[in-house]
Amino acid sequence: MSVGELFILGFSGKIIPAWLKEFAARYGLGGVILFDYSCQTRQYDNNIDSPAQVRGLCGEISALPSHPLVFIDQEGGLVRRLKEGRGFQPLPSAREFNLLAAAAKHEIMAASLAELRQLGIHYNFAPVIDVDYNPDNPNIGRIRRSYSADIAEVEVNALLVDAAAREARIGLCLKHFPGIGGANVDSHQDFMDISEALPPEQEELFYALAPKMFGDAVLVSHAIVRSWDEANPMTLSPAGLGRLRRRLPDTLLISDDMQMQGLQKALGTRAASQQALQAGIDMLCIGNNLFDQEQEMAGIADSIERRLQEGTLDRAAIQRSIDRVQKRKALLN
């Protein structure tokens, strides 16, 4: 069983490091995530320099054993790894995008997603379908990541993005389940309790849109909904993920970055990764940007193999997750 298919890994620098090549050869590898900004150096000197450099890097990643998918966060505005200053297509924030005429929206999105395909990127962690319930939300509203406080406008924009993604053949990953627009803390810093800030129609929007999106994937947040699970964030919650899986049996479920502070304070990356897979996550995103844990990735994969051998991880469930990953590789590679 190729447990590496369960991982989306980040790395530092513009050259694929030896540890990542070894990981892919030994375990397989589901995907790689690219960043422009390095949290280690606090400069924009990480994986991205120019279109030609990114194209070459993506080609080398795709040629690794098991042909990993390349993922990126290219939402627009403040959350876009490919910036005009380095020669990439412009892309406004979701809030600004929502104010444009339909023709302008299509032109901008078609150019951006076509560029991703030309660069060799397979998946965009977008669109954000969190409704702007709290304009002071430090991770969504305050930085214009939500299209609108009107859920109908959010849906219209997501469908427009999907139309452009199908033309470009770029996979989309809706975020952040179950909908964190009403949160009042930054998910990078702590768990978010959204128990009182999650209208039913926000959750339902994920169920309605995910099967319509090219690539059919959902990014699961580290949010807590106490009526579903008193103790665990969604990424670690059998109840929360079970609720999601019952409605979306074929959707690829990807964790938000497993190095975010809430999980680090509670468990650490290895234990949290094991618990997330046991709860029902298909792919673990470990960016190795918030922290440098590159040399620990093989150990996490080993621990998953051991749990499969011991029977503390459900082998059939893990195989279904691997199958979902490989189905996307067949679609997008």
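Residues numbered from 1 in each chain as written. Predicted model: local features only at pLDDT ≥ 70, side-chain atom pairs only at ≥ 80, totals over all residues. Heavy atoms only, no water.

**Q** Any chance you could explain the packing of helix H6 (residues 200–209) against helix H7 (residues 238–247) here in plain terms?
**A** Helices that pack against each other are described as a pair by the angle of their axes relative to one another and the distance between those axes. With their axes 9 Å apart at the nearest point, H6 and H7 run at an angle of 45 degrees to one another. With respect to their mutual orientation, H6 and H7 come out oblique. By crossing handedness, the relation of H6 to H7 is classed as right-handed. Residues Glu203, Glu204 and Tyr207 of H6 pack against Arg243, Leu244 and Arg247 of H7. Among the residues forming the contact of H6 with H7, the class breakdown is two nonpolar, no polar and four charged. (Axes fitted to C-alpha atoms, helices over the stretch in contact; angles between N-to-C directions. Helix = DSSP H or I, 4+ residues; strand = E, 2+ residues; numbered from the N terminus. Parallel < 35°, antiparallel > 145°, perpendicular 65-115°, else oblique. Left-handed = near helix turned anticlockwise from the far one by under 90°. Contact = heavy atoms within 4.5 Å. Nonpolar A, V, L, I, M, F, W, Y, C, P; charged D, E, K, R; others polar.)

**Q** Quick question: what am I supposed to make of the environment of isoleucine 254 here?
**A** Tracing the backbone shows isoleucine 254 in strand E11 (residues 252–255). For isoleucine 254, a relative accessible area of 0% translates into the label buried. Distance in space between the C-alpha atoms of isoleucine 254 and serine 221 is 9.1 Å, their sequence separation being 33 residues. Other than its neighbours up to four places away in sequence, isoleucine 254 contacts Ile8, Phe71, Phe125, Cys173, Ala217, Val218, Leu219, Val220, Ile281, Met283 and Cys285. (Buried < 20%, exposed > 50% of the residue type's maximum accessible area, 1.4 Å probe, protein only.)

**Q** Sorry if this is basic, but what is going on with the nonpolar core here?
**A** A general tendency of soluble globular proteins is for nonpolar side chains to be buried together. Grouped together as the largest cluster of nonpolar side chains are 86 residues, with contacts concentrated most on Phe7, Leu9, Leu34, Leu113, Val218 and Ile304. If you tally residues by element for this core, the top one is helix H5 (residues 151–168), at seven residues. When neighbours within four sequence positions are excluded, leucine 9 is seen to be in contact with Trp19, Leu20, Phe23, Leu29, Gly31, Val32, Ile33, Ile286 and Met297. Membership of the second largest hydrophobic core comes to 17 residues, among which are Ile8, Leu219, Leu252 and Val325. (Core = buried A, V, L, I, M, F, W, Y, C linked by side-chain atoms within 4.5 Å.)

**Q** What's the story with the environment of glutamate 84 in this structure? I'm lost.
**A** Relative to the helices and strands, glutamate 84 resides in the loop between strand E5 (79–80) and helix H3 (94–98). For glutamate 84, a relative accessible area of 38% puts it in the partly exposed group. Spatially, the C-alpha atoms of glutamate 84 and leucine 253 are 31 Å apart, while their sequence positions differ by 169 residues. When near neighbours in sequence (up to four residues on either side) are disregarded, glutamate 84 contacts Gln89 and Pro90. Within the structure, glutamate 84 has its side chain in polar contact with the side chain of arginine 80 (distance 2.4 Å). (Polar contact = N/O pair within 3.5 Å; in protein donor to acceptor, adjacent residues only side chain to side chain.)

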